[in-house]
Amino acid sequence: MYKTKIRGVLIKGNKSYRQITDDIIRPIEGKTPRWWYIAMTISTLALAMGIWAIYITISQGIGRWGLNNSVAWGWGIINFVWWIGIGHAGTAFSIFLLILRQKWRTSINRAAEAMTVFAVICAGVFPLLHMGRVWLAFFIFPYPNTRGPLWVNFNSPLFWDVVAISTYLMASATFWYIGMIPDFATIRDKTKSRIKKALYGFFSLGWIGNARSWLRFETTALILGGLTAPLVIAVHSIVSMDFATSVMAGWHTTVFPPYFVIGAIFSGFAMVLTLMIIVRRIYKFQDYVTDSHLNAIAKILVFISLIMGTAYSTEIFIAWYSGSEGEIYTFFHNRITGSHTKAFWTMVSCNAIIPQLFWFKKIRSSIAMVFIISIIINIGMWFERYVIIVTSLTKDYMPSNWATYKPTIVEVGTYLGTIGIFCLGVLLFLRYIPMMAMSELKAINKETS
Amino acid sequence: MEKKYSFSKSFKIVCIALMAIGVISIAIGFISSPEKAWADLLLNNYYFLSLAIGASFFMALQYITQSGWSAAFKRISESFIPYIPVAAIIMFVLLFGTKSLYHWTHHEIIATDPILAHKEPYLNLPFFIIRMIFYFAVWIVLTQLLLKYSKKEDLEGGMTYFKKSEFVSKVYIFSLALTFSLASFDWIMSLEPHWYSTIFSLKNFIAAFFHGAAIITLIIIILHSYGYFPFITNAHWADLSKYIFILSIVWGYFWFAEYLLIWYANIPEETIYFVKRLAFPWKILFYGNIAINWLVPFVVLLSNYFARRKSILAFVIVFLIIGQWIDLYLQIMPGAVGKFKIGITDIGTFLGFTGLFIYLIASSLSKRDLTPKNHPYLEESLHHSMH
């Protein structure tokens, strides 16, 4: 097939196939670097904090959180939505870019998928704890039970959440794992350590790389991909419906499903960017994750940021246009002005204004700037969920219900704990799993688009 | 490859005949029921404008994503652009009908309606006109710039004009987000000025993109069956049909998001919109809308075998032509007219606009070579294959 040369090569350095294998396996085969131990220690400490917070929550109850009758959702749900958002990165990279035939995705998709799996696990912690009695969490599954006519409420978006997210976790974990099989086999064949040979041999499921295996492998990947793509849209649409099906001012708006999905992809891409900039620096992977990769992600981010800005302004405009007092109060007196101004304007500037800097090529090609903005976006996305949840709940329709909300150390601890889980996961991934799909890299070696 | 499309005399006559039918239908409409005639004019003008906006967005999107496969079909998207100034003229003619179309233009109604009084700073005629001028100015300037660069690229080649087009495309997409959103709020949503929905503009934008892409495909199919675009392979058909397939899913998703959330929350101010549309006989169109715009393309194009047959693709697109009309009919008529009546004048007006639209497209296509010259991705497009 003819390819124009304009776009530039995907893998720099004119590599041979052997070189690709050696480069990607190096972090796994080499000695464990010191920074890895330091990072592991910090992550474990964060996790320990989380375990303490979870212990307090389970043993003493949700009362240790800063919630009250009016603000019944706080950091727990904010962080849940935030993590789920980040968990959209993998699918967005693997599936959407695959459909759009963006081959540069190849050196990033494995890491993005790994992030998806860990982020979704982190997200799951919050609703589980939020139920109050974790040991009865299985009540949420609709199985024939002995509790009499008690069933889960099939009309509730909260139940849809359980279904969508658990399906999503399984599907993306399967997709991730299946993609790794040929690479595990490569390590099995290359490694000198007998333990590694046995372990990677086990996980490679006896892969021998014959034509029939490849055919089935690719067909399976395609089918799974096709099934996961609608799933990822469904997951965040349903998360948005936790809010939008209600009659709360600031929550009930029809644009929520696509707006949440786009926001999720936004934070997912930003997180991938943050991670890849660190990884390529540490492992010297500049030939695989080239500047044009970062440039492409930055371009996508500026486009999504534009959509976010449009969604914010549409929401504000329609709040005014609707003439509904509740909506007008929420947006104009409790977000744009009022006691939550800081959170609101942080959200707007981090998500809709600062990423617009990516319009300038100079900013896009400065790694430091790209790195900073990618973090700013995730801060902004956290504040978006804060604005939605806290502003609407603190001041609802009845002033006698109005309350304030401040998170307690237990909530903050749980959040830190999930960050610990995520970092631990990513660190283990970087150390023990080939972080780029070698077989796919070889397929696009020397290609230009 | 040097083939130019020739706009034959007989085809010209057909177009003009269609336009004549349109003029007569509009005239009959104005005599029998002016209220309906204004609404019909709005519907049809918005219909074809949305196709033009959709097609120009399609083109802009190909630029910013550096898509190679579609480069050879650039002329088709370009040929939709001449309709935008025409739509502007018709929209200005429609200003004479605002009293009939929009309740918020009546001062006596505003005086007794506190909600409309609240909206008056936005929904008032002078500001409405200023906004309209702004939208059209932005669209016309940017799309004409794209055309200009495309012409220069044909003559001079090189990457300069491609880079410029890419930049204008970015600005165009950026400005469409604002202008097209507000335009659909202004022209369509304010027909029922009490009702509001945030996804409304987005849904209409996707509908424009969806149907614009479908009509582009239809034109390619027709030209191909007359022997133009000889290089087309299965890969091209597959990609074109993928666009239609995915956009049908997105359209269905937006439709469902709006409907489900309004149904679920059941707030009277919002629900009333669907209550009207779910009463007989509107109901037929209501279900027809989702069936034609989502179910038909989804089910048919799901199969790879069907998606690459141009006759089947054309069959689906014919459905979509009706689909967009039904969608807009449902959005406009209950608010603007209130009575359900699809008559000869509706069809006649649609035919008239179709004639005008085809005439503009055909004459635009006949002016330059069908495949662009010097487009950097042209070779990639000509040798596009599945992989």
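What counts as what
Residues numbered from 1 in each chain as written. Chains lettered and ligands numbered in written order. Predicted model: local features only at pLDDT ≥ 70, side-chain atom pairs only at ≥ 80, totals over all residues. Heavy atoms only, no water. Helix = DSSP H or I, 4+ residues; strand = E, 2+ residues; numbered from the N terminus. Buried < 20%, exposed > 50% of the residue type's maximum accessible area, 1.4 Å probe, protein only. Contact = heavy atoms within 4.5 Å. Rg over C-alpha atoms; globule rule 2.2 N^0.38 Å. Areas by Shrake-Rupley, 256 points an atom, 1.4 Å probe, with all protein chains shown as cover. Phe/Tyr/Trp six-rings, centres within 6.5 Å; stacked < 30°, edge-to-face > 60°. Lys NZ or Arg CZ within 6 Å of the ring centre and 35° of its normal. Salt bridge = Lys/Arg side-chain N within 4 Å of Asp/Glu carboxyl O. 1 Å grid on protein atoms, 1.4 Å probe; cavity = no way out; pocket = protein on both sides within 12 Å on 5 of 7 lines; lining within 4 Å. Points joined across faces, edges and corners; volume = space filled by probe spheres on them. Nonpolar A, V, L, I, M, F, W, Y, C, P; charged D, E, K, R; others polar. pLDDT = per-residue confidence, 0-100. Expected span 1.5 Å × (residues − 1). Buried area = accessible area lost by both parts, 1.4 Å probe. Polar contact = N/O pair within 3.5 Å; in protein donor to acceptor, adjacent residues only side chain to side chain. Core = buried A, V, L, I, M, F, W, Y, C linked by side-chain atoms within 4.5 Å.

Student: Give me the lowdown on the overall build of chain B, citing residues and values where you can.
Tutor: Looking only at helices and strands, chain B features 17 helices and 0 strands. Its C-alpha atoms put chain B at 65 × 40 × 40 Å along the principal axes. Put simply, chain B has 387 residues, and 61% of those count as buried. Nonlocal contacts in chain B, meaning residues at least 24 apart in sequence, comprise 83% of its contacts between residues at least 6 apart.

Student: Could you give me a rundown of the overall build of chain A, with the residues and numbers involved?
Tutor: Looking only at helices and strands, chain A features 16 helices and 0 strands. Scaling as 2.2 N^0.38, a compact globule of 449 residues should have a C-alpha radius of gyration of about 22 Å, and chain A matches this with 23 Å. For chain A, the proportion of contacts with a sequence separation of at least 24, taken over those separated by at least 6, is 81%. Carbon and sulfur atoms form 69% of the exposed surface of chain A, whose accessible area is close to 19,100 Å².

Student: Can you break down the packing of aromatic side chains residue by residue, with the values?
Tutor: Applying the stated criterion across every chain yields a total of 100 aromatic pairs over all chains. Geometrically, the ring pair formed by Trp151 of chain A and Phe154 of chain A is tilted, given 6.4 Å between the ring centres and 35° between the ring planes. With a centroid separation of 5.4 Å and 90° between ring planes, the pair formed by Tyr273 of chain B and Phe274 of chain B is classed as edge-to-face. Take Phe274 of chain B: its relative accessible area is 7%, and that puts it in the buried class. Residue placement shows Arg431 of chain A over the ring face of Tyr432 of chain A; its charged tip is 5.5 Å from the ring centre. Just above the ring of Tyr321 of chain A sits the side chain of Lys119 of chain B; from NZ or CZ to the centre is 3.9 Å.

Student: Break down the pattern of salt bridges for me, citing the residues and quoting the values.
Tutor: Summed over all chains, the structure comprises 23 salt bridges over all chains. In this structure, the salt-bridge partner of Lys15 of chain A is Asp23 of chain A, at a minimum N-O distance of 3.4 Å. Both residues of the pair, Lys15 of chain A and Asp23 of chain A, belong to the buried class. Residue Arg188 of chain A pairs with Asp189 of chain A through a salt bridge whose shortest N-O separation is 2.9 Å. Owing to a relative accessible area of 53%, Asp189 of chain A belongs among the exposed residues under this scheme. Each of Lys74, Arg75, Glu78, Glu153, Asp154 and Arg368 of chain B takes part in salt bridges that share partners, so that together they form one network.

Student: Tell me about the layout of surface pockets, residues and numbers included.
Tutor: Residues and elements named next belong to chain A. Reported here for the second largest pocket is a volume of approximately 960 Å³. As for the second largest pocket, its lining consists of 32 residues, and the residues nearest its centre are Pro127, Met131, Ile140, Leu158 and Val162. Those elements that place two or more of their residues in the lining of the second largest pocket are α3 (75-86), α5 (109-130) and α6 (157-190). Broken down by element, the residue count for the lining of the second largest pocket peaks at 8 residues, all from α5. Its residues assigned to classes, the lining of the second largest pocket shows 23 nonpolar, 5 polar and 4 charged.

Student: Break down the confidence of the model for chain B for me, citing the residues and quoting the values.
Tutor: When pLDDT is averaged along chain B, the result is 91; 99% of the residues meet or exceed 70. Least confident of the elements in chain B is helix α17 (residues 378-382) of chain B, whose mean pLDDT is 83; most confident is helix α4 (residues 83-94) of chain B, at 95.

Student: A description of α4 of chain B should follow, citing residues and the corresponding values.
Tutor: Given a rise of 1.5 Å per residue, 12 residues ought to cover 16 Å, and the 16 Å separating the end C-alpha atoms of α4 of chain B matches this to within 8%. Looking at the packing, one finds that the buried side of α4 of chain B touches α2 (34-64), α5 (98-101), α8 (125-156), α9 (160-187) and α16 (344-367) of chain B.

Student: Break down the interface of chain A and chain B for me, citing the residues and quoting the values.
Tutor: Residue-level contacts link 43 residues of chain A with 51 residues of chain B. Summed over both sides, the interface of chain A with chain B buries roughly 4,000 Å², with 70% coming from carbon and sulfur. The largest share of the area that chain A buries against chain B comes from Arg101, Thr254 and Tyr321 of chain A, three residues that together contribute 18% of it. Our count for the chain A to chain B interface comes out at 0 salt bridges. Our count for the contact surface shared by chain A and chain B stands at 11 residue pairs in polar contact (both at pLDDT 80 or more). For the side of chain A that touches chain B, the secondary-structure elements that each account for two or more residues are α6, α8 (211-244), α9 (256-282) and α10 (291-322) of chain A. Examining the composition of the side of chain A that touches chain B, we find that 10 residues originate from one element, α10 of chain A, more than from any other. Across the side of chain A that touches chain B, the residue classes break down as 22 nonpolar, 16 polar and 5 charged.

Student: Mind laying out the environment of Val348 of chain A, listing which residues take part and the relevant values?
Tutor: All names here are of chain A. Here Val348 lies in helix α12 (residues 341-353). When its relative accessible area of 11% is taken as the criterion, Val348 is described as buried. Residues Val348 and Lys196, 152 residues apart in the sequence, show an inter-C-alpha distance of 49 Å. Val348 has contacts with Tyr312 and Ile353, leaving out every residue within four places of it along the chain.

Student: I'd love a proper account of the nonpolar core, names of residues and values included.
Tutor: In terms of nonpolar packing, the biggest core is built from 267 residues, with Phe80, Trp139 and Trp187 of chain B touching the most fellow members. By residue number, the principal contributor to this core is α2 of chain B, which donates 19 residues. In this structure, Trp139 of chain B is in contact with Leu49, Ile53, Ile84, Tyr172, Leu176, Thr179, Phe180, Ala183 and Trp187 of chain B, ignoring residues within four places of it in sequence. Within the second largest apolar cluster, 9 residues are counted, among which are Ile95, Ile178, Phe217 and Leu224 of chain A.

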